[in-house]
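# Summary of structural features
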Amino acid sequence: MSPGPVTLQDVANEAGVSLATASRAFNGSTRKVRQDLQERVLIAAAKLNYAANGPAQAMARGRTNVVGLIVHDIADPYFAAIAAGVMRAAEEAHLLVTLGSTMRRPERELDYLQVLRGQRSRAVILAGSRVDDPELLARLREECEAFERAGGRVVVISQQKLPLDTLVVENRSGAKALAQQLASLGYQRFAVLAGPARLLTARDRVQGIREGLAAVGLPAPVVLHGAFTRDGGHDAMSHLLESRAEVDCVVAVNDVMAVGAMAACRDAGLHLPRDVALAGFDDIATLRDVHPKLTTVRLPLERMGEIALELVTTASAGGAHRTRRIRGEVLIRESTPRHSAR
């Protein structure tokens, strides 16, 4: 006769602790377990090949220890860096992270929220820009409020458009500072690879660039819209080159678009930065080895993920929603050397 499944009582016996202590070691109870006892419980569980019963845990404490992270594009290094920060902080907090990608379809956030609410997840982190769609925003607000009424917490890395814990990225001020520093290097005729027109992050960055140029008396930039991706940057830059617009500096509203723009310039036989200067925004780690090194606005992406998870773990039931503001740092690099206007 085969033995029955390993129980939590078996784990407690193996670790030499009470059943209550073993339960608290697994279920994230507010009553802390000593580090040495928790390690004994986890070692015993591994030895006995014990797997905690997620639904039973959720019934016991009203929530699972799962945090859902919903991003716009898992292939985008911007979101990968944020995810790394969330997961690092979750590891320290003994939480599990499930990752979902909307494939840049904002309405998919609603589907993920509904599923995670049904699974009694502890929290959801929405990482990504809002869009100019009042109806969709209203539906998202309703779904987030339903999630929080059920006892969970929602944290947003985005614009402050929802009554939730929010990390607000100062996109507009960062872009304004970038434009002013580029102008101080001698550039006078700008173009912007602007991303989708309805994406608020892209819109804020374009507006910041306009304000920065206006503040130093330079004309408004040429603006070309495209997808918020490498291919979107390539296409927008190709159209700019085909238009023969007289520009000496191009600013892409994110770094992956800047990579596409670099490729388009190479395809056209142009040399960066001799023929045209180029800048981006975000300072994603994978672009730090490109040549020439890209001028950009650095955002602390992994730290943003950590802060989002900290907002989850420090939330109190019925507590007021909190706001954290994230400012970027302009980094002038080889793709925009000092330039004398011709």
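Note that the coordinates shown come from a computational prediction; the quantities given were computed from them, not determined experimentally.

Attention shifts here to the packing of helix 10 (residues 230–243) against helix 11 (residues 255–267). Contact geometry for helix 10 and helix 11: axes closest at 6 Å, N-to-C directions at 45°. Relative to helix 11, helix 10 is oriented oblique. Seen from above, helix 10 lies across helix 11 with right-handed handedness. Residues Arg230, Gly232, Gly233, His234, Met237, Ser238 and Leu241 of helix 10 form the contact with helix 11, whose own contacting residues are Val256, Met257, Val259, Gly260, Ala261, Ala263, Ala264, Cys265 and Asp267. In terms of residue class, the contact of helix 10 with helix 11 is made up of 9 nonpolar, 5 polar and 2 charged.

So, on to the side chain of Asp73. Along the chain, Asp73 turns up in the loop between strand 1 (66–71) and helix 5 (77–92). Residue Asp73 is classed as buried on the basis of its relative accessible area of 17%. In this structure the side chain of Asp73 is engaged in a polar contact, spanning 3.4 Å, whose partner is the side chain of Arg104. In this view, Asp73 contacts Phe79, Ser101 and Arg104; residues no more than four positions away in its chain are not counted.

Here strand 1 pairs with strand 2 (residues 96–101) via 6 bridges, running parallel. Across the sheet, the residue bridging to Val67 is Val97, located in strand 2. On the question of chirality, the crossover connecting strand 1 to the parallel strand 2 by way of helix 5 is right-handed.

A sheet is described by the order of its strands in space; here 6 strands give the open sequence 2-1-3-4-5-11, paired in parallel fashion. If you trace the sheet from one side to the other, it starts and ends with strand 2 and strand 11 (323–326), each paired once. Recorded for the sheet is a direction-independent mean angle of 15° between the axes of neighbouring strands. Across 4 bridges, the pairing between strand 5 (residues 165–169) and strand 11 is parallel.

On to the pattern of salt bridges. Enumeration over the complete set of coordinates arrives at 25 salt bridges. Here Arg205 makes a salt bridge to Asp282, at a shortest N to O gap of 2.9 Å. You can see Arg205 sitting in helix 9 (residues 200–215) and its partner Asp282 sitting in the loop between strand 9 (277–279) and strand 10 (296–298), a full 77 residues away along the chain. When its relative accessible area of 4% is taken as the criterion, Asp282 is described as buried. Between Arg298 and Asp283 there is a salt bridge; the shortest N-O distance is 2.7 Å.

Paired through their backbone hydrogen bonds, the strands of a sheet run either parallel or antiparallel. If you walk across this open sheet you meet the 4 strands as 7-6-8-9, and the pairing is parallel. This sheet does not close on itself; its edge strands, each paired only once, are strand 7 (222–224) and strand 9. Going from strand to strand, the sheet's axes swing by 20° on average, the running direction of each strand aside. Relative to strand 7, strand 6 (residues 190–193) is paired through 3 bridges, and the arrangement is parallel. Bridge assignment links Val192 to a residue of strand 7, and that residue is Val223. Across the sheet, helix 8 (residues 171–184) lies against strand 6, strand 8 (249–252) and strand 9, angled at about 165° from strand 8, the strand it touches most. Where helix 11 meets the sheet, its contacts fall on strand 6, strand 8 and strand 9, and the angle it forms with strand 9 comes to roughly 155°.

For the rest of this paragraph, the subject is unusual backbone geometry. Cis geometry is adopted by the peptide bond preceding Pro273, which originates at Leu272 and carries an omega value of 0°. For Arg244, which is not glycine, the phi dihedral falls at a positive 60°. Accessibility expressed as a relative area gives 73% for Arg244, which makes it exposed.

Now for the state of the cysteines. Going through the model one piece at a time under the given rule, you end up with 0 disulfides. The thiol of Cys249 is not disulfide-bonded; the next cysteine sulfur, from Cys265, is found 11 Å away.

Turning to the packing of helix 8 against helix 9, a few remarks are in order. Orientation of helix 8 relative to helix 9, taken along the N-to-C sense of each, is 40°, at an axis distance of 7 Å. Between helix 8 and helix 9, the crossing angle belongs to the class labelled oblique. Seen along the crossing, helix 8 lies across helix 9 with a hand that is right-handed. Contacts between helix 8 and helix 9 involve Asn171, Arg172, Ala175, Lys176, Ala179 and Gln180 from the former and Thr201, Asp204, Arg205, Gln207, Gly208, Ile209, Glu211, Gly212, Leu213 and Ala215 from the latter. Looking at the contact of helix 8 with helix 9 residue by residue, the classes come out as 5 nonpolar, 6 polar and 5 charged.

Criteria and cut-off values
Residues numbered from 1 in each chain as written. Predicted model: local features only at pLDDT ≥ 70, side-chain atom pairs only at ≥ 80, totals over all residues. Heavy atoms only, no water. Axes fitted to C-alpha atoms, helices over the stretch in contact; angles between N-to-C directions. Helix = DSSP H or I, 4+ residues; strand = E, 2+ residues; numbered from the N terminus. Parallel < 35°, antiparallel > 145°, perpendicular 65-115°, else oblique. Left-handed = near helix turned anticlockwise from the far one by under 90°. Contact = heavy atoms within 4.5 Å. Nonpolar A, V, L, I, M, F, W, Y, C, P; charged D, E, K, R; others polar. Buried < 20%, exposed > 50% of the residue type's maximum accessible area, 1.4 Å probe, protein only. Polar contact = N/O pair within 3.5 Å; in protein donor to acceptor, adjacent residues only side chain to side chain. Pairing = 2+ DSSP bridges. Right-handed = clockwise from strand over helix to strand, strands pointing away. Salt bridge = Lys/Arg side-chain N within 4 Å of Asp/Glu carboxyl O. Disulfide = S-S within 2.5 Å.

Function-wise, these values are silent; they only describe arrangement.
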